[in-house]
Amino acid sequence: MQCDICERDSSHIYCSACARHTLWPIRFDTLLRTSEKAAVEEKINAYLTAEPSEGVQSGSKILPVSAGKEVKLLRAQIDEAKLTIAKIMEENEKMKAGITEAIRERNRSRAAVLDEYSDGLVDRRAMAEENSHKEMKRTKQKWSIVQTKIADARSYLCYEAASLYSLKQRRRRGGLIEYYIGGNPIPSLNDLPVHSTILTTTTFGHLCNLLMLVSDYCGIKLPYEVTLPGKHNEYPTIKAPSSSNPRLLHLNIPLTTLSRENSNNYILFLEGASMLAYNIAWLCLTQGLEIPSVDEAMHPGKNLYMLLIGGGHGPSNNFGRWSHATTGAGFLGGPDGNRLIWEWNVDIREIVKKLEMIVHSQNMKQEWDLVEEIVGDDEEETFSGLEKTGRDKKMQEGYKMVTAEPSGWTKVKPQPRS
């Protein structure tokens, strides 16, 4: 038969719809036989309970009593109907038993299939896990190779950029080591008060350009934003991400003079120079060159040279590993990268404070030099018109001994008594 649920031709009954479809003719025949049996029983009971001289009323008709043959015929029909009903019931039971057995057989088949799959499930799961681990290992190896190639490319590009900017180290005869960029000496923050304003502006511009190239090649987002010269600004500037006020990175007059004449620009330059040095030290930290203290961060030229050139062989093996443009291991925005920054002890406020103290000390020294110069001129005028007697010569020599080259700012020796 065609099963609407199973959608297949089969001689077996698997669902309730097929069972109803199969049993419906038998049920209809049973109902028909039952109704006929009820009608015959009604006639027989009417004949048996009627008086001999009277007729038997069945429905709207009165049957004659002499219908004995008809009664026998009806009884035979009843017996035949009972046998037919019994056969139908027997077939019905057989069909029910067949359906039940088919369902059980189907369940047993499914159970056998499930058992077969369940027996190998553990092994298949272990095999799948092993394959997954192998695939992950291969992927990590491929990623490590790609990451190494990317780091090597970053190292090569940054080294070439430093070479193009002529970032060099020179050793003086007295053992003093200086660092140059573009042929100009790079001042440390300790030497800014006495360094040439033109050279300071030039070297800071070169440092900004090289720093931006390196951060771009390495995919590094610096703590302080550097703006290179453009249409609206003649010199590079630097600012904090949370501030809209850019700091200065150029000088038009000496730093000590700027501190006395324009305190606003003086503070802006101190903060700008400190931010630039901090950016370079922070870049060194992220690329494998540790800058452990504020004193080390005060030398931007040395730090950038050691990072990009090193001993003349280029950056270290750790260069290019950490980046904001890297996913997975080496991502600076991840927990490991944040931990690297949090454990760093260099504070921008300490750099600004130390630079301010250096400039203040240089100002004090210049003031004392000016006082010594004025005192020396007065001394020349005092003794130029006098005859050098023995007593005058002694006083003059004693006064020169006091004023010439004092050791310390306020250390003055008393004059000898005559």
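Everything below is about the structure shown above.
These remarks concern the structure in this document. What you see is a predicted model; the values in this text were computed from it and never measured.

This part is about the environment of Ser155. Mapped onto the elements of the fold, Ser155 is located in helix H3 (residues 121-164). Considering only alpha carbons, one finds Ser155 and Pro315, 160 residues apart in sequence, at a separation of 6.1 Å.

A few words on unusual backbone geometry. Look at Ser166: it is not a glycine, yet its phi comes out positive at around 55 degrees. For Ser166, the position within the fold is in the loop between H3 and strand E3 (168-171).

Moving on, we get to the pattern of salt bridges. Enumeration according to the criterion identifies 13 salt bridges in this entry. Between Arg33 and Glu36 there is a salt bridge; the shortest N-O distance is 3.8 Å. One end of the pair, Arg33, and the other, Glu36, are both in helix H1 (residues 16-49), three residues apart, so they sit about a helical turn from each other. Several salt bridges converge on common partners, so that one network encompasses Asp29, Arg33 and Glu36.

Here we take up helix H6 (residues 263-286). Between its first and last C-alpha, H6 extends 34 Å over 24 residues, near the 34 Å set by a 1.5 Å rise per residue. Most of H6 sits inside the fold, with 19 of its 24 residues counted as buried. Backbone geometry just downstream of H6 places Gly288 in the positive-phi region, at approximately 100 degrees.

Turning next to the sheet that holds strand E7 (residues 237-239). The sheet built from three strands is open, its strands ordered E6-E7-E8 with antiparallel pairing. Strand pairing shows two members of the sheet lacking a second neighbour, strand E6 (225-227) and strand E8 (247-248), which therefore form its edges. In the sheet, E6 pairs with E7 via three bridges, with the strands oriented antiparallel. Note that in E7 the partner of Glu225 across the bridge is Lys239.

A separate point is the sheet that holds strand E4 (residues 177-181). An order of E3-E4-E5 is seen for the three strands of this open sheet, with the pairing classed as antiparallel. In this open sheet, the two strands that pair with only one neighbour each are E3 and strand E5 (184-185). Across four bridges, E3 lies against E4 in antiparallel orientation. Its bridge partner being in E4, Gln169 is matched across the sheet by Tyr179.

Attention now goes to the pairing of E4. Two strands pair when backbone bridges link them, and E4 and E5 are joined in this way by two bridges, in the antiparallel orientation. Bridge pairing links Ile181 to Asn184 in E5.

It is worth spelling out the layout of surface pockets at this point. One number sums up the size of the largest pocket: a volume of about 310 Å³. Every residue lining the largest pocket is counted, 14 residues in all, and those nearest its centre are Ile177, Glu178, Ile186, Ser188 and Asp191. For the lining of the largest pocket, the secondary-structure elements that each account for two or more residues are E4 and helix H8 (300-308).

What follows concerns the nonpolar core. Counting residues in hydrophobic clusters, the biggest one holds 61 residues, and the most contacted among them are Leu167, Leu255 and Leu308. Breaking this core down by element, the ones donating at least two residues are H3, E4, helix H4 (197-218), helix H5 (255-261), H6, helix H7 (294-297), H8 and helix H10 (348-384). Ranked by residue count, the leading element in this core is H6, at 15 residues. Apart from residues no more than four positions distant in its own chain, Leu167 is found in contact with Ala162, Tyr180, Ile181, Ile186, Leu210, Leu304, Tyr305, Leu308 and Ile309.

With that settled, the discussion passes to the packing of H6 against H8. Look at H6 against H8: their axes get within 9 Å of each other, and the N-to-C directions meet at 25 degrees. Here H6 lies roughly parallel to H8, going by the angle between them. Helix-helix and strand crossings are classified by hand; for H6 and H8 the assignment is left-handed. Between H6 and H8, the contacting residues are Ala277, Ile280, Leu283 and Cys284 on the first element and Pro300, Asn303, Leu304 and Leu307 on the second. Split by residue class, the contact of H6 with H8 holds seven nonpolar, one polar and no charged.

This part takes up the side chain of Thr201. One can find Thr201 in helix H4. Reaching out from Thr201, the side chain makes a polar contact with the backbone nitrogen of Leu251 at a distance of 3.0 Å. Apart from residues lying up to four places away in sequence, Thr201 is in contact with Tyr235, Leu249, His250 and Leu251.

Reading the values: rules and limits
- Residues numbered from 1 in each chain as written.
- Predicted model: local features only at pLDDT ≥ 70, side-chain atom pairs only at ≥ 80, totals over all residues.
- Heavy atoms only, no water.
- Helix = DSSP H or I, 4+ residues; strand = E, 2+ residues; numbered from the N terminus.
- Salt bridge = Lys/Arg side-chain N within 4 Å of Asp/Glu carboxyl O.
- Expected span 1.5 Å × (residues − 1).
- Buried < 20%, exposed > 50% of the residue type's maximum accessible area, 1.4 Å probe, protein only.
- Pairing = 2+ DSSP bridges.
- 1 Å grid on protein atoms, 1.4 Å probe; cavity = no way out; pocket = protein on both sides within 12 Å on 5 of 7 lines; lining within 4 Å.
- Points joined across faces, edges and corners; volume = space filled by probe spheres on them.
- Core = buried A, V, L, I, M, F, W, Y, C linked by side-chain atoms within 4.5 Å.
- Contact = heavy atoms within 4.5 Å.
- Axes fitted to C-alpha atoms, helices over the stretch in contact; angles between N-to-C directions.
- Parallel < 35°, antiparallel > 145°, perpendicular 65-115°, else oblique.
- Left-handed = near helix turned anticlockwise from the far one by under 90°.
- Nonpolar A, V, L, I, M, F, W, Y, C, P; charged D, E, K, R; others polar.
- Polar contact = N/O pair within 3.5 Å; in protein donor to acceptor, adjacent residues only side chain to side chain.

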